Amino acid sequence: MAGIVYLIGAGPGDPGLLTLKGCKCIKKADVIVYDYLADKKLLAYAKKNAELIYVGKKANNHTMKQEDINQVLVNKAKMGKIVARLKGGDPFVFGRGGEEALALKKAGQIFEVIPGVTSAISAAAYAGIPVTHRKVAASFAVITGHEDPSRKESGLNWKNLAVGIDTLVFLMGVGNLPHITKQLIANGRAADTPAALVRWGTKQQQEVLVTTVANAAEDVYKYGLKPPAVFIVGDVVKLRNDLRWFDNKRLFGRKIIVTRARQQASKLTAKLTELGAECIEAPSIQIQDPDDSFASMDKAISNISTYNWLVFTSTNGVDRFFARLYSKDMDVRKLSDIKVAAIGSSTAKSLLKYGIKADIVPQEFRAEAIIEKIMPYIAKNIKILIPRAKQAREILPEELRKAGVVVDVVQCYKTVTADFDYSGIVEKLQNHEINMITFTSSSTVTNFIKLINNKVSLLDNVIKACIGPITAETCKANRIKPDIIAQTYTIDGLVKAIEEFTD
Ligand code: SAH
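Residues numbered from 1 in each chain as written. Predicted model: local features only at pLDDT ≥ 70, side-chain atom pairs only at ≥ 80, totals over all residues. Heavy atoms only, no water.

(A) Layout of a nonpolar patch on the surface. A cluster of nonpolar side chains, contributed by Phe-94, Ile-121, Phe-140, Val-142 and Met-172, occupies part of the molecular surface with about 390 Å² of accessible area. Looking at the secondary structure, you find Val-142 in strand S6 (residues 140-144). On the accessibility criterion, Val-142 (32% relative accessible area) is partly exposed. (Patch = residues over 30% accessible without salt bridge, like charges linked within 9 Å, V, L, I, M, F, W, Y side chains within 5 Å. Areas by Shrake-Rupley, 256 points an atom, 1.4 Å probe, with all protein chains shown as cover. Salt bridge = Lys/Arg side-chain N within 4 Å of Asp/Glu carboxyl O. Helix = DSSP H or I, 4+ residues; strand = E, 2+ residues; numbered from the N terminus. Buried < 20%, exposed > 50% of the residue type's maximum accessible area, 1.4 Å probe, protein only.)

Structure (structure tokens):
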């Protein structure tokens, strides 16, 4: 079978700027070859067993020579592999994608090019700078800033560039700004022309420095701005004052730790990222099968017709219960005579996935509130099944029993400390690099504390955000003072509380 290499533009950094076609190719690739400009988050689309090859390049620190990279691509293609070659931005804009394509062509291997969103335009856009504007700039050029200043003959036509084009975008130019700006001014560009540098454009770490052509080199030196950055020259830079939209978002520049279990973190992460935050997923818990390997659950399922009510207290409980039901060759029809209660709207929503609309949905976890809702339905000899976590609080079954109900509590999962290396997180906390931490259940709190070896003082200067009062109580019991407690005990409620919090 013939192999193929897809030269894929991975976009400038924001993982959402990968094209659909690029994403499809990553998903089907046997081998993924990537470098430091391609965002690592894109690797999450790769097949489980895909081979990942890092060929990262940074100035002065070449991990692999270009010829060697070409050779890797050729060899893998020859072996019949589907290869996704991820390149930052667009593969044919200063990415040496042309060279890689030529090497493949020479070796008789098939390739396709999937253009990407280039940093030249997108880093500017995320800084609120349009490279053209009907009244301000009718042309733009993308220029290498990496020209060797000691070269006698410049490959660039500085005269035409300096005065012939409205907006200039230099890539790879940070180290070379004294030369670039000198050439521009010497060739007729006004020294006070607005200019900007955008570092790590489109990412949560984006930095923007607004200056002028005359001051750019000195300002960059003073500010200590490092590559990778684009250098934008032209009157369009002024539009940033009005068009800035990304790096002024509510949570921009905030680093937030998300302690939820890995499989459940994505919704919270996505919402906080949308508000501009940089999320660091550090699961403190993970979900495992119950201690008795589902024995009590199986028993309850085989007697399911004897129950009058099913009470679900979490999404995990719902998913686990139905997975087990299905595994016994049963389905939702077995529950047709049973009433269902879901605690919290998220639990109710997960039930809908299985075709069940909960009869009652108490909004809060307080046992009294739940009992109050169920009370009108309670008759003598009523039997209730509660499939839930091992560590759940006893108060709900106890109160129900007091009301004269037969309650069977079965364990359908347990929450254990995550198998996750926390050393990087501890280091970030020690270096005061973290602004906020989110706790979405009591178990995320207690297991987080275990993972940081009880050093709760690491959180002293970090904003602590809790999903609700019970989680907040667990914090307090462990000498952690919560700063944010959501009013609605859902992920959306938590995000809203974080958004509204001002420190
Ligand atoms: N093919 C890439 C460019 C590769 S050259 C593209 O189309 O974007 C590498 C240069 O691109 C860097 O030195 C820097 O100038 C620029 N660059 C790439 N990603 C960037 C980003 N996220 N923010 C700012 N500049 C970036």
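Text resumes after the structure shown.
(B) Up close: the sheet that holds strand S5 (residues 110-114). Judged by pairing direction, the sheet is parallel, and its 5 strands sit side by side in the order S3-S2-S4-S1-S5 without closing on themselves. In this open sheet, the two strands that pair with only one neighbour each are strand S3 (51-54) and S5. Pairs of neighbouring strands in the sheet enclose a mean axial angle of 20°, with direction left out of account. Note: strand S2 (residues 31-34) against strand S4 (residues 82-87), 4 bridges, orientation parallel. Each residue of the ladder has a partner; that of Val-33, found in S4, is Arg-85. Of the strands in this sheet, strand S1 (4-9), S2, S4 and S5 touch helix H1 (residues 20-28), which is tilted by about 140° from S1. Running over the sheet, helix H2 (residues 66-78) touches S1, S2, S3 and S4 and is turned about 155° from S4. (Pairing = 2+ DSSP bridges. Axes fitted to C-alpha atoms, helices over the stretch in contact; angles between N-to-C directions. Contact = heavy atoms within 4.5 Å.)

(C) Fine view of the site of the ligand. As a structural note, the neighbourhood of the ligand is formed by 17 residues, with Val-93, Thr-118, Ser-119, Gly-201 and Ala-229 the closest of them. Between the ligand and Met-172 there is a distance of 2.8 Å, counted from an oxygen atom to a backbone nitrogen or oxygen. Between the ligand and Trp-200 there is a distance of 3.5 Å, counted from a nitrogen atom to a backbone nitrogen or oxygen. Expressed as a share of its isolated accessible area of 540 Å², the protein-covered part of the ligand is 94%. (Near = heavy atom within 4 Å. Polar contact = N/O pair within 3.5 Å; in protein donor to acceptor, adjacent residues only side chain to side chain.)

(D) Looking closely at the domain arrangement of the protein chain. Splitting the protein chain by domain gives domain 1 (4-116), domain 2 (121-243), domain 3 (255-284 + 418-502) and domain 4 (295-413). Taking only C-alpha atoms into account, the centre of domain 2 sits 39 Å from that of domain 3. (Domains from an automatic or database assignment.)

(E) Seen up close, the sheet that holds S6. Across the sheet, 5 strands lie side by side as S6-S7-S10-S8-S9; this open sheet has mixed pairing. Strands with a single pairing partner mark the edges of an open sheet, and in this sheet they are S6 and strand S9 (207-212). Put simply, the sheet's adjacent strands are angled 20° from each other on average, direction ignored. As paired strands, S6 and strand S7 (residues 167-171) are joined by 5 bridges and run parallel to one another. Paired with Thr-144 across the strands is Leu-171, a residue of S7. Against the sheet, helix H6 (residues 177-186) contacts S7, strand S8 (194-199) and strand S10 (229-233), and its axis sits at roughly 15° relative to S10. The sheet strands contacting helix H7 (residues 216-223) are S8, S9 and S10, and the helix crosses S9 at an angle near 145°.

(F) Broad picture of helix H10 (residues 295-302). For H10, the set of buried residues is Met-297, Asp-298, Ala-300 and Ile-301. On an axial view of H10, the arc spanned by its buried residues comes to 160°, and they lie on one face. The exposed set on the far side of H10, more than 90 degrees from its buried face, consists of Lys-299 and Ser-302. Elements in contact with the buried residues of H10: helix H11 (315-327), strand S16 (383-389) and strand S17 (406-417). (Arc of directions from axis to C-beta.)

(G) Representation of unusual backbone geometry. Note the cis peptide between Pro-227 and Pro-228, where omega equals 0°. The residue Pro-228 is located in the loop between H7 and S10 in this model. Despite not being glycine, Thr-202 has its phi angle at roughly 75°, a positive value. Tracing the backbone through its elements, the reader meets Thr-202 in the loop between S8 and S9. Residue Asn-454 is not a glycine yet carries a positive backbone phi of 65°. The topology assignment puts Asn-454 in the loop between helix H16 (442-451) and strand S19 (463-466).

(H) Main features of the nonpolar core. The biggest cluster of nonpolar side chains holds 27 residues, and the ones touching the most others in it are Leu-310, Phe-312, Phe-321, Phe-322, Leu-335, Leu-351 and Leu-385. Sorting the residues of this core by element identifies H10, strand S14 (309-312), H11, strand S15 (339-342), helix H12 (345-353), S16 and S17 as the ones contributing at least two each. Looking at which element gives the most residues to this core, the answer is H11, with 4 residues. If you look at the next biggest cluster of nonpolar residues, it comprises 23 residues, including Ile-425, Leu-429, Val-445 and Ile-480. (Core = buried A, V, L, I, M, F, W, Y, C linked by side-chain atoms within 4.5 Å.)

(I) Expanded view of the packing of helix H9 (residues 265-274) against helix H18 (residues 491-500). Here H9 crosses H18 at 30°, and the two axes come no closer than 10 Å. In this view, H9 runs roughly parallel relative to H18, as classed from their interaxial angle. Where H9 crosses over H18, the handedness of that crossing is right-handed. Each of Lys-267, Leu-268, Lys-271 and Leu-272 in H9 lies in contact with H18, whose residues at this interface are Ile-491, Asp-492, Leu-494, Val-495 and Ile-498. (Parallel < 35°, antiparallel > 145°, perpendicular 65-115°, else oblique. Left-handed = near helix turned anticlockwise from the far one by under 90°.)

(J) Seen up close, the pairing of S2. Here S2 shows two buried faces, one formed by Val-31 and Val-33 and the other by Ile-32 and Tyr-34. Sheet topology places S2 next to S3; 4 bridges connect them, and they run parallel. Each residue of the ladder has a partner; that of Tyr-34, found in S3, is Tyr-54.

(K) Focus on the side chain of Lys-203. Turning to its location among the elements, Lys-203 is positioned in the loop between S8 and S9. A polar contact is formed between the side chain of Lys-203 and the side chain of Asp-39, at a distance of 2.7 Å. Setting aside its immediate chain neighbours within four residues, Lys-203 contacts Gly-13, Asp-14, Asp-39, Phe-246 and Phe-252.

(L) Examining H9 more closely. Within H9, the full set of buried residues consists of Ala-265, Leu-268, Thr-269 and Leu-272. When H9 is viewed along its axis, its buried side chains cluster within an angular range of 100° and face the same direction. On its buried face, H9 sits against strand S11 (255-258), strand S12 (278-281), strand S18 (436-439) and H18.

(M) The arrangement of the pattern of salt bridges in detail. Taken as a whole and judged by the stated rule, the model has 26 salt bridges. Measuring nitrogen to oxygen at the nearest pair gives 2.9 Å for the salt bridge that ties Glu-100 to Arg-85. On the criterion of sequence distance, the pair formed by Glu-100 in helix H3 (residues 97-106) and Arg-85 in strand S4 is long-range, its members being 15 residues apart. The burial state of Glu-100 is the same as that of Arg-85; both residues are buried. When the shortest N-O distance is used, the salt bridge between Glu-207 and Arg-199 registers 3.0 Å.

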